[in-house]
Amino acid sequence: MKIEIASRITKTDLLVLPFFAGEKPSRAQKTELEAYAYPDFEAKTNETLLVYQKNKLAPRILLVGLGEPEKALPDTWRQAGGTTTKTLKKNIRSVTLLPPKEDLYRLAAFVEGFLLGHYRYEDFLRDEERRLPDIETLTVIVEDKKIAHSLQGKIHEIQIVTDAVKSVRDMVNSPSNVMSPSIFEHLGKLTAKNGFKTRCNVLDEKKLKKLGMGCLLGVGQGAKERPRMLMLEYKYKPKNKHPILLVGKGICFDSGGINLKMQMLEDMKLDMAGAATVLGVFKVLGALRPELHVIGLMPLAENMPDGGAIKSGDVLIAFNGTTIEVVNTDAEGRLILADALSYGAKTYDPEAIIDLATLTGAAITALGYAITPFLTNSSVLKEKIEIAAHSADEKIWELPLEKTYRKSLESPIADLLNTNPKIGASTIQGGLFLEDFVGEKPWVHLDIAATAYIPEPRPYLPKGATGKHVRTLWEFLKHY
Ligand code: BES
Ligand code: ZN
Ligand code: ZN
């Protein structure tokens, strides 16, 4: 899709007019409207009304509500962009936005919402009718030359970032038979090949054994596809002395293992969303070329029950020597992260670590599908990630690394239990477990189990994979 900026309206299939509740159309908007009043339209947020008109440059007009002007946020505009895409039918090839006010950030948010909303996972849709109608151009009408110029600059970034978000959605929506560890590895190599100053390295099973990554090996040992560690590095005139380390859980299918899951099995292709998000961020880095040094670690495996699988109660030894009693083979994410985090902390001596993982179903119970819980050992990093999430409008909320619960993770026969069913607070337990593997390094853990994959669509988030937190991480890195 091409995004254009123009000072005047030309012929277009659909003209989009966002309105605030209780406000009259602007002068420019009025000129394009056949009727001046639409009593059925109250301009509530995400309310739409499609009208047809004769003898105008646009045969269709879409009125989109922005709600009360004093309550409108940048995200209101992003949502309006997403809402617009929901109304598009296949006869519409060109869309033009005529805003009531010219404001750089709000227009940028609309464009971003439009691009994020225009998405469908269609790898297996054979019927043309069910595929997403193609939009050739989105034109934004901006009279102010200065604003037009700045918006032009932002649009390139928005296109790169939203493309990366959509590639993450595609990866996470892909069923596990087409998104296995080996295919993920292939996509990682491709990302490095196409990215500026990006390289890729893979630790295969033999290397994992040599390095002593007993947890990743253990989790993956019941599957046909072999476990592996994918590493990506982006380094260009870095302003940071030590790299920033991003780690993403990459369980391409989580059956639960011998502790076989009783529900949501068919959704468990989603369990590599953390790793996919890290890969998505590298796509952005390789295209937008910030002056940074970033390492991405993606431990990849399938958690399967099998004669060779780890069994409940088995003990695994992590890269840093920690012995772990696996009381529940379904708490596998923290195991593969234990290896990735301790290996990353030691090998790269990073100045900050962020991990993303679909770690606990309890994240859904605690904060629902719209808010990502996070845990951290660093007040500095906490502030940075909160600012980044706020500017991306991707809500996050801190949970405490409550030390009272730490004692309950001690095993009578090993250093750690991978979970303790008696103490509740499953998301916090996950965080406390991971904390052991980052040493003294500043670290943030984002539990994206609820927010990476949602059961109901939102204005610019489809049902299924959301691609959330690519934008947060980009905001974080860009301002680092
Ligand atoms: N991948 C799951 C967590 C999950 C659940 C993600 C639902 C997305 C939606 C994870 O590996 C898991 O099974 N966690 C267990 C941990 C428990 C055994 C301590 C859980 O949350 O039930
Ligand atoms: Zn699991
Ligand atoms: Zn899992």
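About the thresholds
- The written sequence of each chain sets the order in which its residues are numbered from 1.
- As they are written, the chains are lettered A onward and the ligands numbered 1 onward, keeping that order.
- Only residues with pLDDT of at least 70 are given local features in this predicted model, and only at 80 or more are side-chain atom pairs given and counted; all residues enter the totals for whole chains, interfaces and linings.
- As a rule here, side-chain values come from all non-hydrogen atoms in the structure, and water together with hydrogens is ignored.
- For this analysis, a salt bridge means a side-chain nitrogen from Lys or Arg found within 4 Å of a carboxyl oxygen belonging to Asp or Glu.
- Three exposure classes are used, based on accessible area relative to the maximum for each residue type with a 1.4 Å probe and protein chains only: buried under 20%, partly exposed in between, and exposed over 50%.
- Secondary structure elements are defined from DSSP: runs of H or I of at least 4 residues count as helices, runs of E of at least 2 residues count as strands, and each element is numbered from the N terminus.
- Polar contacts, as used here, are pairs of N or O atoms within 3.5 Å; protein pairs need one atom able to donate a hydrogen and one able to accept it. Residues neighboring in sequence count only if both atoms are side-chain atoms.
- Paired strands, as defined in this entry, are two strands with at least two bridges between them according to DSSP.

Asks: Please set out the pattern of salt bridges residue by residue, giving values where relevant.
Replies: Per the stated rule, a full pass over the model turns up 31 salt bridges. Between Lys-2 and Glu-4 there is a salt bridge; the shortest N-O distance is 3.7 Å. We classify Lys-2 as partly exposed; its relative accessible area is 48%. With its nearest N and O atoms 2.9 Å apart, the salt bridge here joins Asp-349 to Lys-441. You can see Asp-349 sitting in the loop between helix 9 (333–348) and strand 14 (352–357) and its partner Lys-441 sitting in the loop between helix 12 (426–435) and strand 18 (443–447), a full 92 residues away along the chain. Classification of Asp-349 by relative accessible area gives partly exposed; the value is 35%. Taken together, the shared-partner salt bridges connect Asp-75, Arg-78, Glu-112, Asp-393, Glu-394 and Arg-471 into one network.

Asks: How would you explain the side chain of Ser-411 if you had to name every residue and give the values?
Replies: Looking at where Ser-411 falls in the secondary structure, it is placed in the loop between strand 16 (396–398) and strand 17 (416–417). A polar contact of 3.0 Å, which involves the side chain of Ser-411, links it to the backbone nitrogen of Ile-413. One polar contact links the side chain of Ser-411 to the main-chain amide nitrogen of Ala-414, over a distance of 3.0 Å.

Asks: How would you explain the pairing of strand 2 (residues 14–19) if you had to name every residue and give the values?
Replies: Among the six residues that make up strand 2, six are buried, leaving the element largely enclosed by the rest of the structure. What you see with strand 2 is no split at all: Leu-14, Val-16 and Pro-18 on one side and Leu-15, Leu-17 and Phe-19 on the other are buried throughout. Of the strand pairs in this sheet, strand 2 and strand 5 (residues 94–97) are connected by three bridges, and their pairing is parallel. Paired with Leu-15 across the two strands is Thr-96, which belongs to strand 5. As paired elements, strand 2 and strand 4 (residues 60–65) share five bridges and run parallel to each other. When the sheet's bridge partners are listed, Leu-17 is paired in strand 4 with Leu-63.

Asks: I'd like a rundown of the sheet that holds strand 12 (residues 314–317), residues and numbers included.
Replies: Here three strands make up an open sheet; going across it, the order is 12-13-17 and the pairing mixed. Each edge of the open sheet is held by one strand with a lone partner, namely strand 12 and strand 17. Pairing of strand 12 with strand 13 (residues 323–326), which is carried by four bridges, proceeds in the antiparallel orientation. The residue bridging Ile-317 from the neighbouring strand is Thr-323, located in strand 13.

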